[in-house]
Every structure is written in C-alpha cells, then in structure tokens.
Amino acid sequence: MATDEETPLLVENLPSTPTLNHKRDVHILCWAFLLIFLAYGAAQNLESTINTEGDLGTISLGILYSSFTFFSVLASLVVRKLGSKNALILGTTGYWLFIAANLKPTWYTMVPASLYLGFAASIIWVAQGTYLTSTAHSHANDYNLHEGTVIGKFNGEFWGMFASHQLVGNLITLAMLRDEKGGSTSGTTLLFIVFLCSMTLGTVLMCFLSKRNGKEEGLQDSRVTFSSSVVSLLKAMLNLLLDIRILLIIPLIAYSGLQQAFVWAEYTKHIVKPTLGERGVGGAMAVYGVFDAICSLAAGRLTFSLSSITIIVSGGALIQIIVLLWLLLGYSVAGGVLGTIYPLLIGALWGIGDGVLNTQLSALIGILFKHDLEGAFAQLKLWQSASIAVVFFISSSISLQTMVITLLAALCISVAGFLFLTLKVEKAFSFRAS
C-alpha cells in the first residue's frame, strides 16, 4: 500500500514493495490541470473585455475570489472527508459551470456560477496540494529517496505544466476570436464550447488517478458528526495560526496572490493594451506563461532543501523588485519596436517570479507542515484568494503607480518574514544536530 501522508521525514530502511505508480499519477494530475486551466485561465483574461456591461466580468471575478476566500476555511474538512482524489473531481465541476455561464453571461448566470466556483476552487486547490505532496512522500519512502528533492521535483513538474496553460489557452483564444468594427468581438460562443470540451477531458483524466491513502477509501468514523468535524477543524486552524512558521509565511502567500492579480487586472490593462491593443493581450500572456512554465520546471529541479528554497525565492523576489522599480521610476509607454518589446519583457520577468513563488511555496509547505497538509494548503489558498479578491475590487479606483508601490512594500515585508523564518528553522535544525 502507499505510504500514509503523515509518514515522518526520517524512516527506517524497511523492505517495501511499491504498489502505486507515483510518477504516473503526477503526469495525470499535470495533464488534467492543463486541460482545465487552459480554458479557465483564458476565460479569466477575457472577462474584463468581453463582459463589460456594468463591469459584469470584473465584478464576477471579485465575487469568485471572495467566495474562494470564505470556503478556503472549510476546504480542508471537505478534502479530509472525501479524500483528495474525489475532492479533485468535485472541484472541476465549478470550472465547468463557470465556462458554461459565459455562453449566456448575465447577472443571473455569472454571479451564481462565480459563487459556486469559489467553493469548487477552494476544494480543488487544497486537494491538489495534498495529493501532490502525499504522492511525493510516498515515492520518496518507497524508493528510499531524499524527500525534499522529490517534493521539489514533483512541484516543479506540476507548476511547469500548469503555467503552460497561459500559452496554450491564449493561443487558442488568439486563433478563434476576431475583432470586428465597433469594438465588438466574434467567435466567443465557439471558443467557450471548445473550452467546455477541454474541461470535460480534464475531468475524465482525474478519474484515472490512484487513491492515495485510507481516507480515500471512505474509512472515516461514521459516528463523527459534521458539527464536531467543524469544531475540530476550527481548532486545528487556530492551532496552525499559533505556529510562528505559518505566520511568517502568510505575508509571502498574500504577496503571491497580489502579484498574480496584478497581471490579470493591471498589467494587461495599463501596460499591454495601450501599446499592443486588445489582440496583443493574448500574445503577452502567452509570453508570461512560457517563462512561468520554464522557471517552474527549473526551480522545481533545483529544490532539495530549505536552503535551496531560500536562494530561489530570494532570486525571484529580486527580479520582481527590479520590475516594480522600473515601472515606478523609469517606465513609459513607447512607440515602435520598444513599444512591443517592453510589455513582453515585463511579462517574461514577471512570469519568472510567479514560477518561483508557485513552486517554492508549495515545496516549503510540503516540507514544514507534512502532518497537516490539508490545513496548511487551505491557509495557502485562503490568503492568496483574499489578496486576489482585494485587487479585483479596488483596481478600478486606484492608479497603476499606487498599485506598484503597494506591491513593492508587500514584497519587501514578505521577503523579510520569509528570511527570518529560514534562519529560525535552520537554527533549530542546527541545535538538534548538536
């Protein structure tokens, strides 16, 4: 049987016969998320440009991420009850419904779909983090490999594949949409039908994942009531929030959400559109996705311990600081060749930073909180989605300069907390070793 998620880092070298193909499950998970999110990611990029009446698209995304924030509190409970595989399958239904609502976008279709997707997204992302980390733990234990290295490699492969959804989805959008006179766009109905087909294939792939542990087989005690489970969950979350390690990681988690929302809400509107136009948004986001994917793969393969995570995160933070200072002090809309190169260069550099944060935050949580993976990944998505929701709600009322200053301050604070955490943990390990 596969090793349980709570297997300690150091185990005795006992003979074991692996019964699960862990790499196969990682490949299936990667392809399923690519098929689902190439559709959702491209649709999200289009929301503010195709659903403009009453700011329906932007407000729907704000509602979505507010719902995501709220349900992240309960997501770990659902994942524990259903098991990570079943929770992954359930989570795909929200994305399917959201794309279907875009076939007839009104307040009566988009708002309910956004609310439900917030719930589904909280489930699928907690389940993803739990499933992938559990698979890495099992693979390391079955083959007597270094656990940190396997976690880094699996996260690198997943986030590299996931980041490529920006490339694939935006290229599909670029090929199928046509700008017409009067500023309208044709081809959206066919595009969303293609997206629904892609999501359906992704959901079917999820069904071929292996079940990872006893919880997946429905072995929970039936005498445990829902209310007692909620009370237990809230206690666990409060206990986790009393852990100095998670408190020092939360600012970096929140910043990772801010920088993602900056791309969706500010970069495309204030940097890409003025120079490349609406059709250029797809190309710029494709460049962003390519560098995000390459960096995710590279960062994952270079991750093997807390020290490597510290170096990689510091490098990614430095790149984003340079971009933010450029936007704040020296960037201006240019014409000609530079007008094309600058937005694409900013997208490429920002994609590198996003790839670093995605892989390293997941690896860090997998290493530090392996005894409560569901709770830790719920915290990750709670703070990420909350910061994303804030950006969507306030983006229309603040300037690009104000947003850049906010990001710069948040990045400096979050990196300071992260570096303090790594020093504290390394000191603890050194003390135990001595």
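To be clear, the structure that these remarks concern was listed above.
In this text the structure is predicted, and so the values were computed from the model without any measurement.

Engineer: Outline the pattern of salt bridges, supporting the account with residue identities and numerical values.
Structural biologist: The tally for this structure, following the rule as stated, stands at two salt bridges. Put simply, Asp25 and Arg24 hold a salt bridge, and the shortest N to O gap is 2.9 Å. You can call Asp25 buried: its relative accessible area is 0%. Across the salt bridge formed by Asp243 and Arg245, the nearest N and O atoms sit 2.8 Å from each other.

Engineer: Lay out the environment of Ile193 with the relevant residues and their values.
Structural biologist: For Ile193, the location among the structural elements is in helix H7 (residues 188–206). Judged by relative accessible area, which is 40%, Ile193 ranks as partly exposed. Distance from Ile193 to Ala39, taken between C-alpha atoms, is 9.9 Å for residues 154 residues apart in sequence.

Engineer: Give a description of the nonpolar core that names residues and reports values.
Structural biologist: Of all hydrophobic cores here, the largest spans 121 residues; its most connected members are Phe33, Tyr40, Tyr95 and Trp125. Aside from chain neighbours lying at most four places away, what touches Phe33 is Leu38, Leu88, Ile124, Trp125, Gln128, Phe158, Phe162 and Met206.

Engineer: Lay out empty space enclosed by the protein in plain terms, naming residues and giving numbers.
Structural biologist: Over the atoms, a rolled probe matching the size of one water molecule traces out where space is still vacant. Throughout the structure, instances matching the rule amount to six cavities of 30 Å³ or more. Size it by volume and the largest cavity reaches roughly 370 Å³. In terms of lining residues, the largest cavity is bounded by 26 residues, among which Tyr65, Trp125, Phe162, Gln260 and Trp264 are the most central. A class-by-class count of the residues in the lining of the largest cavity yields 15 nonpolar, eight polar and three charged.

Engineer: Describe in detail the environment of Ile89, supporting the description with residues and values.
Structural biologist: Along the chain, Ile89 falls in helix H3 (residues 84–101). In this structure the C-alpha to C-alpha distance between Ile89 and Cys207, which are 118 residues apart in sequence, comes to 7.1 Å. Apart from the residues lying within four places of it in its own chain, the contact partners of Ile89 are Met206 and Cys207.

Engineer: Please set out the packing of aromatic side chains residue by residue, giving values where relevant.
Structural biologist: The full count for this structure, using the stated rule, is 25 aromatic pairs. Ring centres of Phe33 and Phe158 lie 5.1 Å apart, and the angle between their planes is 75°; on these two criteria the pair is classed as edge-to-face. Pair noted here: Phe33 is in helix H1 (residues 22–50) and Phe158 is in helix H5 (residues 147–163), with a separation of 125 residues, a long-range link. Each member of the pair, Phe33 together with Phe158, is buried. What links up through ring pairs into an aromatic cluster is the set Phe33, Phe37, Tyr40, Tyr95, Phe98, Trp125, Phe158, Trp159 and Phe162.

Rules used in this analysis
- Residues numbered from 1 in each chain as written.
- Predicted model: local features only at pLDDT ≥ 70, side-chain atom pairs only at ≥ 80, totals over all residues.
- Heavy atoms only, no water.
- Salt bridge = Lys/Arg side-chain N within 4 Å of Asp/Glu carboxyl O.
- Buried < 20%, exposed > 50% of the residue type's maximum accessible area, 1.4 Å probe, protein only.
- Helix = DSSP H or I, 4+ residues; strand = E, 2+ residues; numbered from the N terminus.
- Core = buried A, V, L, I, M, F, W, Y, C linked by side-chain atoms within 4.5 Å.
- Contact = heavy atoms within 4.5 Å.
- 1 Å grid on protein atoms, 1.4 Å probe; cavity = no way out; pocket = protein on both sides within 12 Å on 5 of 7 lines; lining within 4 Å.
- Points joined across faces, edges and corners; volume = space filled by probe spheres on them.
- Nonpolar A, V, L, I, M, F, W, Y, C, P; charged D, E, K, R; others polar.
- Phe/Tyr/Trp six-rings, centres within 6.5 Å; stacked < 30°, edge-to-face > 60°.

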